[in-house]
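Coordinate inspection notes
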Amino acid sequence: MQRRKSRPVQLGDVTVGGAAPISVQSMTNTDTSDVTATRAQIGRLIEAGCEIVRVAVPDKKAAKALPAIKQGLTIPLVADIHFDYHLALAAIEAGVDGLRINPGNIGGRDKVVAVVKAAQQKHIPIRIGVNAGSLEKDLLQEGLNPQALVQSALRHVAILEELGFYDVKISLKASDVPLMLTAYRMLAEKVDYPFHIGVTEAGTVFAGSIKSAVGIGALLSEGLGDTIRVSLTGDPVQEVRVAYEILKALGLRSRGAELISCPTCGRTRIDLVSIAGEVEQRLTLINQPLKVAVMGCVVNGPGEAKHADVGIAGGHGEGLIFRKGQIIRKVPENLLVEELMKEIDHIIQGRNGDEGI
């Protein structure tokens, strides 16, 4: 697929837009003023592959915690600001790498101008975060529609451009997927700023992952999107994992292992559901790109999953271990997972050995 050409914006050490890879970000759900808890969660997010992290700054106490949170942080830190522009100014002084503001609720033009000027002096990019739930009242006279989202974004882009500020990212989020899709498509024809895409308030891990995959996946398949956040009710680490699965499904990123597993049928003679679940859990610890297949049928398994790097195919109380479709050995069902993980270790060690030559 051909990606939309967007101007690059530098967010700490991460480039968003241009020819840069689509970056994955998330947002902490700890009390930001609790530095220990927030840094611990950010650490878990980084382990999962998070490349940009955002924290809510709802009050002065949270703003005062930002320097301690940022100290030694290896990924860009973005401050999420609503309602009080003084908090945005405080976050800038605290040395954050980026700001997310919702122009519809941060106050009048003069307050937006004050934030922009401060960000400009510190070379801090701003994401204009338009949200369907907090649009300006005058834009809602004809009801909530894609045009209102786009108009809100353009209105605030104009303010920033008038001030000579172009380090801008834009998001047009809504929980309504068709609304979100149409708005992004419309805006793509009007500006070249990089897009932060996502479905806001998507829901729980199960339902929200599906909704996000549909919305984010649709835009990415059209070449739209430069950084993504999957918004889920739950542990934000799950957001990162789902984001990478979406990117891997489209061939846009290859971080970590990809699990291929069959849906089971009447030929299945092993506890494939439990085995696949255990393999999936253990694969979360692997960062290298790897395709792993867990198939329920010894007849079709190796053939259907021959493009996988390694896999298993179940029989009656036993199964086959195979690599690239070639059968290596037969093992009892209770050893399938362990033997599969051994093969994965061999592959990873071999790749690391090749890299060291």
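Residues numbered from 1 in each chain as written. Predicted model: local features only at pLDDT ≥ 70, side-chain atom pairs only at ≥ 80, totals over all residues. Heavy atoms only, no water.

**Examining the nonpolar core**
Nonpolar side chains in soluble globular proteins generally cluster together in the buried interior. If you look at the biggest cluster of nonpolar residues, it comprises 82 residues, and the most contacted ones within it are Val57, Ile81, Leu99, Ile170, Leu172 and Ile228. Excluding its chain neighbours within four sequence positions, the residues that come into contact with Ile228 are Ile22, Ser23, Val24, Gln25, Ile197, Ile216, Leu220, Ala243 and Leu247. Counting residues in hydrophobic clusters, the runner-up holds 22 residues, among them Val279, Val331, Leu340 and Ile347. (Core = buried A, V, L, I, M, F, W, Y, C linked by side-chain atoms within 4.5 Å. Buried < 20%, exposed > 50% of the residue type's maximum accessible area, 1.4 Å probe, protein only. Contact = heavy atoms within 4.5 Å.)

**Here we look at the sheet that holds strand 6 (residues 98-101)**
As summarised here, the arrangement of the eight strands in space is 8-7-6-5-4-3-10-9, forming an open sheet in which the pairing is parallel. Strands at the two margins of the open sheet, each flanked by one partner only, are strand 8 (168-173) and strand 9 (196-197). Pairing between strand 3 (residues 23-27) and strand 10 (residues 227-228): two bridges, direction parallel. Each residue of the ladder has a partner; that of Val24, found in strand 10, is Ile228. (Pairing = 2+ DSSP bridges. Helix = DSSP H or I, 4+ residues; strand = E, 2+ residues; numbered from the N terminus.)

**Considering the layout of surface pockets**
The volume enclosed by the largest pocket comes to roughly 680 Å³. The wall of the largest pocket is formed by 26 residues, among which Arg241, Val242, Glu245, Lys248 and Glu280 lie closest to the centre. Breaking the lining of the largest pocket down by element, the ones donating at least two residues are helix 7 (205-221), helix 8 (236-249), strand 11 (257-261) and helix 9 (272-283). It is helix 8 that contributes the most residues to the lining of the largest pocket, nine residues altogether. Of the pockets and cavities examined, the second largest pocket occupies roughly 320 Å³. In terms of residue class, the lining of the second largest pocket is made up of four nonpolar, 12 polar and eight charged. (1 Å grid on protein atoms, 1.4 Å probe; cavity = no way out; pocket = protein on both sides within 12 Å on 5 of 7 lines; lining within 4 Å. Points joined across faces, edges and corners; volume = space filled by probe spheres on them. Nonpolar A, V, L, I, M, F, W, Y, C, P; charged D, E, K, R; others polar.)

**A closer look at a nonpolar patch on the surface**
A cluster of nonpolar residues, Phe206, Ile210 and Val214, forms a patch on the protein surface that exposes about 330 Å² of accessible area. Looking at the secondary structure, you find Val214 in helix 7. What makes Val214 partly exposed here is its relative accessible area of 48%. (Patch = residues over 30% accessible without salt bridge, like charges linked within 9 Å, V, L, I, M, F, W, Y side chains within 5 Å. Areas by Shrake-Rupley, 256 points an atom, 1.4 Å probe, with all protein chains shown as cover. Salt bridge = Lys/Arg side-chain N within 4 Å of Asp/Glu carboxyl O.)

**Considerations on the side chain of Arg127**
As for its position among the elements, Arg127 is in strand 7 (residues 126-131). The buried charged residue Arg127 lacks any salt bridge partner; its closest oppositely charged side chain belongs to Asp80, at an N-O distance of 4.7 Å. Ignoring anything within four residues of it in the chain, the contact list for Arg127 reads Arg54, Leu99, Arg100, Ile101, Lys169, Ser171, Lys173 and His196. (Lys, Arg positive; Asp, Glu negative; His and termini not counted.)

**Looking at helix 8**
Taking 1.5 Å per residue as the helical rise, helix 8 with its 14 residues ought to reach 20 Å, and the 20 Å between its terminal C-alpha atoms agrees with that figure. Of all the 14 residues making up helix 8, 10 are buried; the element is thus mostly covered by neighbouring parts of the structure. Every buried residue of helix 8 is listed here: Pro236, Val237, Glu239, Val240, Val242, Ala243, Tyr244, Ile246, Leu247 and Lys248. Where helix 8 is buried, its residues meet strand 3, helix 1 (35-48), helix 7, strand 10 and strand 11. In this structure Asp235 caps helix 8, since a side-chain oxygen of it lies 3.0 Å from the backbone nitrogen of Val237. (Expected span 1.5 Å × (residues − 1). Polar contact = N/O pair within 3.5 Å; in protein donor to acceptor, adjacent residues only side chain to side chain.)

**Side note on the pairing of strand 14 (residues 318-323)**
Where strand 13 (residues 310-314) meets strand 14, four bridges bridge the pair, whose relative direction is antiparallel. If you follow Ala313 over to strand 14, its bridge partner there is Leu320. Following strand 13, the chain reverses through three residues before pairing antiparallel with strand 14; Gly317 in that reversal takes a positive phi of roughly 70 degrees. Bridge count for strand 14 against strand 15 (residues 326-332) is six bridges, and the pairing is antiparallel. For Arg323, the partnering residue across the bridge sits in strand 15 and is Gln326.

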